[in-house]
Amino acid sequence: MLAPLANDTFLRACRRQPTEYTPVWLMRQAGRYLPEYCATRAKAGSFMGLATNVDYATEVTLQPLERYPLDAAILFSDILTVPDAMGLGLSFAQGEGPRFAHPVRDEAAVARLAVPDLDRLRYVFDAVASIRRALVTTDAAGRRVGRVPLIGFSGSPWTLACYMVEGGGSDDYRLVKTMMYARPDLMHRILEVNADAVAAYLNAQIDAGAQAVMIFDSWGGVLADGAFQRFSLAYTKRVLTQLKREHDGQHVPTIVFTKGGGLWLEAMADSGADVLGVDWTVNLGAARARVGDRVALQGNLDPAVLFAPPEVVRAEAAQVLESFGRPQRADGGVDGHIFNLGHGISQFTPPDHVAALVDAVHEVSRRMRAAP
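Here we summarise the structure given alongside this text. (Residues numbered from 1 in each chain as written. Predicted model: local features only at pLDDT ≥ 70, side-chain atom pairs only at ≥ 80, totals over all residues. Heavy atoms only, no water.)

Considerations on the sheet that holds strand E13 (residues 337-338)
Strands sit in the order E1-E6-E7-E10-E11-E12-E13 across an open sheet of 7 strands; the sheet is parallel. Looking at the sheet topology across the chains shown, the edges are occupied by strand E1 (73-74) and E13. Across 2 bridges, E1 lies against strand E6 (residues 150-155) in parallel orientation. Looking across to E6, one finds that Ile 74 is bridged to Ile 151. (Pairing = 2+ DSSP bridges. Helix = DSSP H or I, 4+ residues; strand = E, 2+ residues; numbered from the N terminus.)

Looking at the environment of Gly 344
Note that Gly 344 resides in the loop between E13 and helix H15 (351-370). According to the relative accessible area criterion, Gly 344 is buried, its value standing at 10%. Sequence-wise, Gly 344 and Asp 279 are 65 residues apart; in three dimensions their C-alpha atoms are separated by 10.0 Å. Not counting residues within four places of it along the chain, the set of residues in contact with Gly 344 comprises Met 27, Arg 28 and Pro 303. (Buried < 20%, exposed > 50% of the residue type's maximum accessible area, 1.4 Å probe, protein only. Contact = heavy atoms within 4.5 Å.)

Re the nonpolar core
If you look at the biggest cluster of nonpolar residues, it comprises 130 residues, and the most contacted ones within it are Phe 10, Met 187, Leu 276 and Leu 357. Per-element tally for this core: the top contributor is helix H10 (residues 184-208), with 13 residues. Those residues in contact with Leu 357 that sit more than four places away from it in its chain are Leu 26, Leu 301, Leu 306, Val 313, Ala 317, Phe 339 and Leu 341. (Core = buried A, V, L, I, M, F, W, Y, C linked by side-chain atoms within 4.5 Å.)

Points about the pattern of salt bridges
Tallied over the full model, the rule gives 19 salt bridges. Note that Asp 207 and Lys 244 form a salt bridge whose closest N and O atoms lie 2.7 Å from each other. Taken together, the positions of Asp 207 in helix H10 and Lys 244 in the loop between helix H11 (227-242) and strand E8 (246-247) put the pair 37 residues apart, joining distant regions of the chain. Taking the relative accessible area as the measure of exposure, Asp 207 reaches 42% and is therefore partly exposed. Put simply, Arg 329 and Asp 331 hold a salt bridge, and the shortest N to O gap is 3.2 Å. Through salt bridges that share partners, Arg 288, Arg 329, Asp 331 and Asp 335 make up one connected network. (Salt bridge = Lys/Arg side-chain N within 4 Å of Asp/Glu carboxyl O.)

This is the structure in C-alpha cells:
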C-alpha cells in the first residue's frame, strides 16, 4: 500500500460522501494547451513516443498539477491502446487523428480478434505505478502522503469498435453503422471481445495503482435510441460487472461518460457505475433529479467557455455549481458532484483561464456550502 492521500475530496465526491468543496479535474488536463506539455512531446518525438515512455507519461501527467490545485490526476495515455495491442497497427500522423493500418471490416478480421496479451500494455501499467510514486510528497507534519488520487481509463467497447471498423475517426460512422445494422452478429462479436479486453485492461490499471477508473464512451451519442442500449450500454455494463471494486482495502469508483448521452441518464444510472459524466448540453440540476441518489455526477462546463475572459469563466463556473446545487439533500443524504468540462479541453485554451476556473470552482463551492 502506498502513502495515504492528503486530498481525497474527489474520491469522497465519487462515493457521495460530504466534501468541503466541489472537486475539479479536467478531461485532457495534460495536453497541448500547456507549453510544457508541447516541450515534452517534442522531446518524445511523437504522441505514441510520449504515451509509451514511462518517464514522459509520468512527467506530463503531473504537469497540470504543478500549475493548478486540481483534485485528481488522470493517467496520460490514449483510448486506443487496447485495439493497438490487438495488432491493428495504431499510428498518429502529425496534425491528423489516429489511424489503424488493419481495420476490422469482414468476417475474417472479426474472427481474428481476441483479448490481447496484457504484457503488450505493460508500458501503461508501469506508467500508473510510476505516477503513483511521483504523486507522493511530504506534508507539514513530515508524513509521506499522496497529493491527489490517480484516475485510470479506457475507451468504451462501442467507441473502440467505431475506430476499429472505420480505421480512424469519422464524420458519419458509415462503416461501423453499416456493420451494426447489416451484420449485427459481427458487431456483437467485436463488442464482446472489446468489453472483456477493456475489463482486463482496467483491472490491471487498478492493480498497478489507479484509484478510480473511467470509461470514455465518446461516440455513444451517435447511436439511435434502442441501438444505444443494445450496442453501447449493454457492453459498458459487461465491463462494469467484471471490474474490481476494491483494492488495498479501498473502494475504487467507476465513472462512465457518454458524450451526447443525456437522453439515457436513467438507464445509465442503473449500469453499475458510481459516477456519470455529462456533457454541456445537459442541465445539471435536471440530471441530478433524474438520477436521484443512485450515482454521483461529473461535469459539465462547455469547454468553449474557457476562450472567454476570466471573469466570464468564473461566472459560468458558478452557474454550473448553482445548477447542481448544494450536495446536501433534504433527507440528510449527499449527492456527489465532480466539476469537469463537458468534453476535453481545447488545445487553444489560454492556461491562465484554466487557473481562473479551478480557483472559482473551489471558492464558489466552499461559499455555497457555508451559506445558511
